Amino acid sequence: MNESEERVLTENLRRLKRDLPPIDLLLDCLREYGTLDELTSHKIKKNEANVVRDEQDQVSKLLDYLPGCGKNAFSNFVKALRQSGKDAHQDLARKLCTDLEAKLRSKAPPAAAAGPTSSVSATPSTPSVQEAAVYHSAQRKATAKAKAERDEMAKDKNVLKLPDHWTAAGKKNFVLHDLAASDSEYQHAVQLFNKTCRNQVTKVQRVENPKLYRIFKAKEKSLGEEPCSAVTRTLELFHGSQDDALTQIYIQGWDKNYAGVNAVFFGRGNYFARDAHFSMNYAKHKPGTTTRRMILASVLIRDIVVGTNDLKAPPQRSTNPLDGRVSATVNDINNPTIYVTYEESQSYPAYVLTING
């Protein structure tokens, strides 16, 4: 994006915050055009604490990132505005795009006038040399900051890279991939299940969800950078639920609004079990069948404390707020078999098991 395009966006910031179509639609379009990747989009939507920003903050963050997203960033943004406008937003998006493009054309330098230089002073609307210098310095700093953040994310390729063994389709869109009984992943999942359950596992499916996986890996990276003496571990834990809720989990992720629907003994979060037989109590039969499903999840666990039924978030590590919170609550500090997490990004639904009985 060139300097004129950056200035167009900056000068229209107030109007963009007021008149933009829904931010989710814009981000989807910009990802489709290749202007934004999944992780950058996630960082625009949520802050470092994984809390969703309000709509105007998301717009500001998007406009911070755009100048460093390549020479086509401005044109792709305009195209995304047009495409994302629906119903009542369509006319608004079209008008906004026209205004932006007209303003861009007005930034083109005029042809030099013939004859002697005029002695008439500049109009009040023309910025002084000092004002222009301050403006461009601020723009360069904002662009450099956004680029530094993107470069930092790109350093860890594991955050962006999907597993090599995923199917080609799964690396583009969500896929629930059936594993053969001879696959090592299938056998490993069944082995974990059979440690405490003797029901027959009839199917193991690998969840290939690029969006949820990248969010999970980003969380893993951020946990590793936080000051804490405990080491972050990735545990394989079971989760049982109503069958329709289970489907929503492996497509959209865990929803904290439904956390603790079945139990809140150790906190009002998302529950995971070391032993499959515990999750079997919550894995409900599919309507009209004798089969049920449960999830084998990858869960990020670091420091833990015993939970209580009134906790809506994990406790602070210390009296100093800067030390942050522990990663999870459990039923037993010495031999935990139940883990409760409070952030959706902390777990990934890796496999879906179908069980008889």
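Higher on the page you've got the structure.
All values derive from a computational prediction rather than experimental measurement. (Residues numbered from 1 in each chain as written. Predicted model: local features only at pLDDT ≥ 70, side-chain atom pairs only at ≥ 80, totals over all residues. Heavy atoms only, no water.)

(A) Inspection of the overall build of the protein at higher detail. Helices and strands together make up the secondary structure of the protein, namely 13 helices and nine strands. For the protein, with 357 residues in total, the buried portion stands at 43%. A sequence separation of at least 24 residues applies to 77% of the contacts in the protein between residues at least 6 apart. Accessible area of the protein: about 19400 Å², with a carbon and sulfur share of 51%. (Helix = DSSP H or I, 4+ residues; strand = E, 2+ residues; numbered from the N terminus. Buried < 20%, exposed > 50% of the residue type's maximum accessible area, 1.4 Å probe, protein only. Contact = heavy atoms within 4.5 Å. Areas by Shrake-Rupley, 256 points an atom, 1.4 Å probe, with all protein chains shown as cover.)

(B) How the structure looks around the pairing of strand β9 (residues 347-356). For β9, the buried fraction is high: nine of the ten residues fall into the buried class. Pairing analysis gives eight bridges linking strand β5 (residues 291-301) to β9, with the strands arranged antiparallel. When the bridges of β9 are listed, Met 294 appears paired with Leu 353. (Pairing = 2+ DSSP bridges.)

(C) Structural detail: the pattern of salt bridges. Applying the stated criterion across every chain yields a total of nine salt bridges. For the salt bridge of Arg 206 with Glu 185, the shortest nitrogen-to-oxygen distance reads 2.6 Å. Pair noted here: Arg 206 is in strand β2 (residues 201-208) and Glu 185 is in helix α10 (residues 184-194), with a separation of 21 residues, a long-range link. Judged by relative accessible area, Glu 185 falls into the buried class, the value being 18%. Here Arg 293 and Asp 243 are joined by a salt bridge, their closest N and O atoms 2.9 Å apart. Of this pair, Arg 293 sits in strand β5 while Asp 243 sits in helix α12 (residues 243-252), placing them 50 residues apart in sequence. Comparing Arg 293 with Asp 243, the two get one shared label, buried. The structure contains a network of salt bridges with shared partners spanning Glu 185, Arg 206 and Glu 208. (Salt bridge = Lys/Arg side-chain N within 4 Å of Asp/Glu carboxyl O.)

(D) Inspection of the environment of Thr 98 at higher detail. Along the chain, the position of Thr 98 falls in helix α7 (residues 88-106). Classification of Thr 98 by relative accessible area gives partly exposed; the value is 42%. Spatially, the C-alpha atom of Thr 98 lies 8.9 Å from that of Val 78, the residues being 20 residues apart in sequence.

(E) Inspection of the packing of aromatic side chains at higher detail. The tally for this structure, following the rule as stated, stands at eight aromatic pairs. Ring centres 5.5 Å apart and planes at 50 degrees place the aromatic pair Phe 278 and Tyr 282 in the tilted group. Using a relative accessible area of 24% as the deciding quantity, one classes Phe 278 as partly exposed. You can call Tyr 282 partly exposed: its relative accessible area is 22%. An aromatic cluster is present here, built from Trp 166, Tyr 213, Phe 216 and Tyr 348 joined pairwise through their rings. (Phe/Tyr/Trp six-rings, centres within 6.5 Å; stacked < 30°, edge-to-face > 60°.)

Taken by themselves, the reported measurements are silent on function.
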